[in-house]
Amino acid sequence: MPRLVISTVGTSLLTNQIDIDDDDEWYNQLEQTANYTTDDINQYYQGIGKIINQLKQRAEEKLYDDDTDVEEIRKASAELNGIYGLYDKKLEQGLSDTHLLIATDTAQGRVTAGILESFLQHKGLTNISTCIQSDLSTKSTSTFTEGMAKLIPFLQQTILDCKKDKYQICFNLVGGFKALQGYFNTIGMFYADEIIYVFEGSNEVIKIPKLPVKVDVSKVERYKVQLAMMDVGEIPTFWEEAKKVPKEWVIIDAQEMTLSTWGKLIWNECKDELLSQEKPLKFDKIEYTDSFHNDYKSKPSHEKITLQENLARAACLLKKHKDGISAMKEDGIFQLRRYKGQHKDIDHFDLPKDRRVSCIAKEGTLYLRHYGEHDYVNDNP
């Protein structure tokens, strides 16, 4: 069975090239600039850039030197230590696997991931890519949690796509910043078939199998409306219902709030069940007629989920804007507008995959009438 191997990337490959006798101060300089972006380094810290480039050159010379054996390579890089350990030192065992490197949006993270990706490709692991989520770094708690919250949907979709193709999911957490490892350890409890580490002071790999972790949906259901909306947009903090959501599940930015890393993780585990129930969610400023309920009930679960995700986005527009109806009209997807001719007193808006909703927009509220394929709604608005 092929694997998707997700490896968190740190900077050990660079710092392990420092000569303690000659370059002792480099440790402190690299540590102090660990969260600086490439632009930061190029603009203000050219001296650090020279150090990074010199260490990059040393690392590449060691990795590509024919006299460097496997054990020396494993000592040079925590990430490679885990990957070599996974394949019992024989990388050819992983030729059919897919590798994803997760690096921070920093100069050191980008350089390290680049070296690793090129080296593994050189060794025949050609199905490899690097993910660098914009703004993901450990310079502050808020920056890190916001970056992780953006990263989780990408990770989830990547993992789901691979699972459809019968891939085994492996998290290699030997390398990476401690904060990154900590988050990925928790994420791995939900998504990974196994998590690998290496014992300190040795090259022995320890594999932690998938644990039967499951979110208690009943504890999440009471917040399903707020979570559904925050999953697709921001909601205002002054909304009383928003204040009820556990603080650990949200990120507050000025007067708006959205899902945190843990909020994303929890909602992703529950949303299919909560968005495919017999009745649609009760969003503010959205009312359902009996005809809409009938259309909704006849749809398969996956279509109910997509519909409710779009209704949640509409609810965000209606909640955030003083004139939510105008916001719906100006939205590039919804394009809320009136029918012409016989049904000129009825509005409608579009959804992906040639779906449409008919409604009456009145006094800031949408009264939904019908939902379905484009022609069905047009013939029966």
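For the structure itself, look to the data block above.
Fair warning: this is a prediction, and the values are worked out from it, not measured in the lab. (Residues numbered from 1 in each chain as written. Predicted model: local features only at pLDDT ≥ 70, side-chain atom pairs only at ≥ 80, totals over all residues. Heavy atoms only, no water.)

**Q** Any chance you could explain the overall build of the protein chain here in plain terms?
**A** The helix and strand inventory of the protein chain stands at 16 helices and 14 strands. Over its C-alpha atoms, taken along the principal directions, the protein chain stretches across nearly 85 × 45 × 40 Å. Within the protein chain, the proportion of its 381 residues that are buried is 52%. Counting contacts in the protein chain only where the partners sit at least 6 residues apart, residues at least 24 apart contribute 58% of the total. In the form shown here, the protein chain has an accessible surface area of approximately 18900 Å², with 46% of it arising from carbon and sulfur atoms. (Helix = DSSP H or I, 4+ residues; strand = E, 2+ residues; numbered from the N terminus. Buried < 20%, exposed > 50% of the residue type's maximum accessible area, 1.4 Å probe, protein only. Contact = heavy atoms within 4.5 Å. Areas by Shrake-Rupley, 256 points an atom, 1.4 Å probe, with all protein chains shown as cover.)

**Q** What am I meant to see in unusual backbone geometry here?
**A** A negative phi angle characterises most non-glycine residues, just as the trans form characterises most peptide bonds. We note that K353 has phi near 60 degrees; this positive angle belongs to a residue other than glycine. Locating K353 in the fold gives a position in the loop between β12 (347-351) and β13 (355-362). In this structure K353 comes out as exposed when scored by relative accessible area, which is 72%. In the Ramachandran plot, E363 falls in the positive-phi region, its phi being about 55 degrees despite a non-glycine side chain. For E363, the location among the structural elements is in the loop between β13 and β14 (365-373). By relative accessible area, E363 is classed as exposed at 78%.

**Q** What exactly am I supposed to notice about the packing of helix α11 (residues 224-232) against helix α12 (residues 261-274) here?
**A** Relative placement of two packed helices is described by the angle separating their axes and the distance separating the axes. Remark: α11 packs on α12, axes separated minimally by 11 Å, with the N-to-C direction vectors making an angle of 110 degrees. The angle between the axes of α11 and α12 places the two elements in the roughly perpendicular class. The handedness of the crossing between α11 and α12 comes out as left-handed. Contacts from K224, L227, A228 and D231 of α11 reach α12 at K264, W267, K271 and L274. Looking at side-chain class alone, the contact of α11 with α12 contains four nonpolar, no polar and four charged residues. (Axes fitted to C-alpha atoms, helices over the stretch in contact; angles between N-to-C directions. Parallel < 35°, antiparallel > 145°, perpendicular 65-115°, else oblique. Left-handed = near helix turned anticlockwise from the far one by under 90°. Nonpolar A, V, L, I, M, F, W, Y, C, P; charged D, E, K, R; others polar.)

**Q** Is there a simple way to explain the packing of aromatic side chains in this structure?
**A** Aromatic ring pairs are defined here through the distance separating the ring centres and the angle between the ring planes. This model, assessed by the stated rule, comprises nine aromatic pairs. Here the aromatic rings of F171 and F184 are separated by 5.8 Å at their centres, their planes lie at 50 degrees, and the arrangement is tilted. Linking F171 in strand β4 (residues 168-172) with F184 in helix α9 (residues 178-191), this pair joins segments that are 13 residues apart in sequence. The burial state of F171 is the same as that of F184; both residues are buried. Ring geometry for Y223 against W249: centres 5.6 Å apart, planes inclined by 90 degrees, an arrangement best described as edge-to-face. A residue pair is termed long-range when its members are at least 10 positions apart, and Y223 in the loop between α10 (217-220) and α11 and W249 in the loop between β7 (235-236) and β8 (250-253) qualify at 26 residues. An identical accessibility class is assigned to Y223 and W249; each is buried. Cluster of aromatic residues (ring-pair linked, three or more members): Y36, Y44 and Y45. (Phe/Tyr/Trp six-rings, centres within 6.5 Å; stacked < 30°, edge-to-face > 60°.)

**Q** So what exactly am I meant to see when it comes to the pattern of salt bridges here?
**A** When their charged atoms lie close together, side chains carrying opposite charge are able to pair. For the coordinates displayed, the defined rule picks out 20 salt bridges. With a closest N to O distance of 2.9 Å, K89 and E71 form a salt bridge. Placement of K89 in the loop between α6 (78-86) and β2 (98-103) and of E71 in helix α5 (residues 70-76) is noted, with a sequence separation of 18 residues between them. Taking relative accessible area as the criterion, E71 reaches 28% and is therefore assigned partly exposed. A salt bridge links K264 to D231, with the nearest nitrogen and oxygen atoms 3.1 Å apart. Of the two residues, K264 is situated in helix α12 and D231 in helix α11; the sequence distance between them amounts to 33 residues. A relative accessible area of 11% means that K264 is categorised as buried. Overlapping salt bridges, with partners in common, bring together D231, K264, K271 and E309 in one network. (Salt bridge = Lys/Arg side-chain N within 4 Å of Asp/Glu carboxyl O.)

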